[in-house]
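Now for the letters of each chain:
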Amino acid sequence: MEEFHKVRRLPPYVFEQVNRLKASARAGGADIIDLGMGNPDLPTPKAIVDKLCEVVQDPRTHRYSSSKGIPGLRRAQAAYYARRFGVKLNPDTQVVATLGSKEGFANMAQAITAPGDVILCPNPTYPIHAFGFLMAGGVIRSMSVEPDDSFFPPLERAVKHSIPKPLALIINYPSNPTAFVASLDFYKDVIAFAKKHDIIVLSDLAYSEIYFDDNNPPPSVLQVPGAIDVCVEFTSMSKTFSMPGWRMGFAVGNERLIAALTRVKSYLDYGAFTPIQVAATHALNGDGSDIAEVRNVYKRRRDVMVDSFGKAGFEVPPPAATMFAWAKIPEKFRHLGSLEFSKLLVEKADVAVAPGIGFGEMGDDYVRLALVENEHRIRQAARNIKKFFSTVDETMHNVISLNTHR
């Protein structure tokens, strides 16, 4: 049967191929070390869980909640932005709670996109940045992801040659999957560009608290004077507080854009369960010690991965932020492409990674490695990969590229 129109517009979900292979290997008894999905393994801090358990005992909290977020939660998010970034927000008009940053991005796309609108989107990037707008009828124009001087000339060309003129520019720093971190000076140039061309800026700041240089925490684009005139920023509690399954995030910024998102959400959901929102409020109002511990765990895992994988013959550049490493496929395997290489690691090394092609065609020479296994398991993954690499000439002599067109 013919697929529906919107489903046809979506590229194949390449991660599913690795997931099926992973499930099959586990069914056969293999111990797969999963560095693929960015699904935090750390438990949610006890104080947050205790607050949830306390509030859920009150039957009044079992009723429908507010899709916009309860007032205390929005005030807590505004207070967090004031402490962390020095950005003043009105919790009533410039903050809306979302079911994670992914839902926020997807519904913002529904709120602002007309059929054929052009969106400037990094490549490679987290899939919802492009897919959300594709599902809303938009057109994606890919751009560079590295926050340096090479970022802006393609944007100027896109504005000059795109019909219609681009509606929005998506930025994501610290970046998933590349782990690039942007400076405040870079953000100043982004806002100047957006105002010059009357373009909306949508910033994904989900990894603002997972950084490894204590002297240079990642900034918010909203720290740029006047940025709030054109910008909305999305954050998430999933990684910061190890709350991925709780589905709690935020969109903050320009009042008109926040109002549009709030109106769309009002038709689609009743918000997160009220005890979850109260527990999230408790987390945001905390002293930050839980955040620091999460950061330290990921830093130790990062250092172990860089060291052990390097000794195994798989060079992994140390990421400055996020819970991911973005590593180039070893030269011997690069002709296969990231999907086939990822399949090989599952089959031959019992290690799962995320193929770079899943984040855009510009990522096909890379794989993303998530820091979601403990240090012992990361070292074991390196040993498995080293063993595979050492036997590859004998065991892989009959493997040919499945991407001979490349």
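Residues numbered from 1 in each chain as written. Predicted model: local features only at pLDDT ≥ 70, side-chain atom pairs only at ≥ 80, totals over all residues. Heavy atoms only, no water.

If you look the chain up in an unreviewed UniProt entry, it shows as Aminotransferase from Aliirhizobium cellulosilyticum. Checking UniProt for the chain, the heading Sequence similarities (unreviewed entry) contains the comment "Belongs to the class-I pyridoxal-phosphate-dependent aminotransferase family." (UniProt positions renumbered as here; feature names shortened; annotations may be inferred.)

Caption draft 1: Local environment of helix 9 (residues 255-268). Here helix 9 is 14 residues long and its end C-alpha atoms lie 20 Å apart, about the 20 Å a rise of 1.5 Å per residue gives. Among the residues of helix 9, those classed as buried are Leu257, Ile258, Leu261, Thr262, Val264 and Lys265. One side of helix 9 holds all its buried residues, which, seen down the axis, span an arc of 165°. Exposed positions of helix 9 whose direction lies more than 90 degrees from the buried face are Arg256, Arg263 and Tyr267. Taken together, the buried residues of helix 9 touch strand 2 (95-98), helix 5 (100-112), strand 6 (200-204), strand 7 (231-236) and strand 8 (249-253). Between the side-chain oxygen of the N-cap and the backbone nitrogen of Arg256 there are 3.1 Å, and the N-cap of helix 9 in question is Asn254. (Helix = DSSP H or I, 4+ residues; strand = E, 2+ residues; numbered from the N terminus. Expected span 1.5 Å × (residues − 1). Buried < 20%, exposed > 50% of the residue type's maximum accessible area, 1.4 Å probe, protein only. Arc of directions from axis to C-beta. Contact = heavy atoms within 4.5 Å. Polar contact = N/O pair within 3.5 Å; in protein donor to acceptor, adjacent residues only side chain to side chain.)

Caption draft 2: Up close: the environment of Val278. Mapped onto the elements, Val278 comes out in helix 10 (residues 274-284). Overall, the relative accessible area of 24% leaves Val278 in the partly exposed class. Distance from Val278 to Glu340, taken between C-alpha atoms, is 44 Å for residues 62 residues apart in sequence. The contacts of Val278, once residues within four sequence positions are left out, are Lys51, Val55 and Ile70.

Caption draft 3: The packing of helix 5 against helix 6 (residues 128-135), seen in detail. Interhelical geometry of helix 5 versus helix 6 gives an angle of 35° and a closest axis separation of 8 Å. Here the hand of the crossing between helix 5 and helix 6 comes out right-handed. Here helix 5 contributes Lys102, Phe105, Ala106, Ala109, Gln110 and Ile112 to the contact with helix 6, which in turn contributes Ile128, His129, Gly132, Phe133 and Met135. Of the residues assigned to the contact of helix 5 with helix 6, the class counts are seven nonpolar, three polar and one charged. (Axes fitted to C-alpha atoms, helices over the stretch in contact; angles between N-to-C directions. Left-handed = near helix turned anticlockwise from the far one by under 90°. Nonpolar A, V, L, I, M, F, W, Y, C, P; charged D, E, K, R; others polar.)

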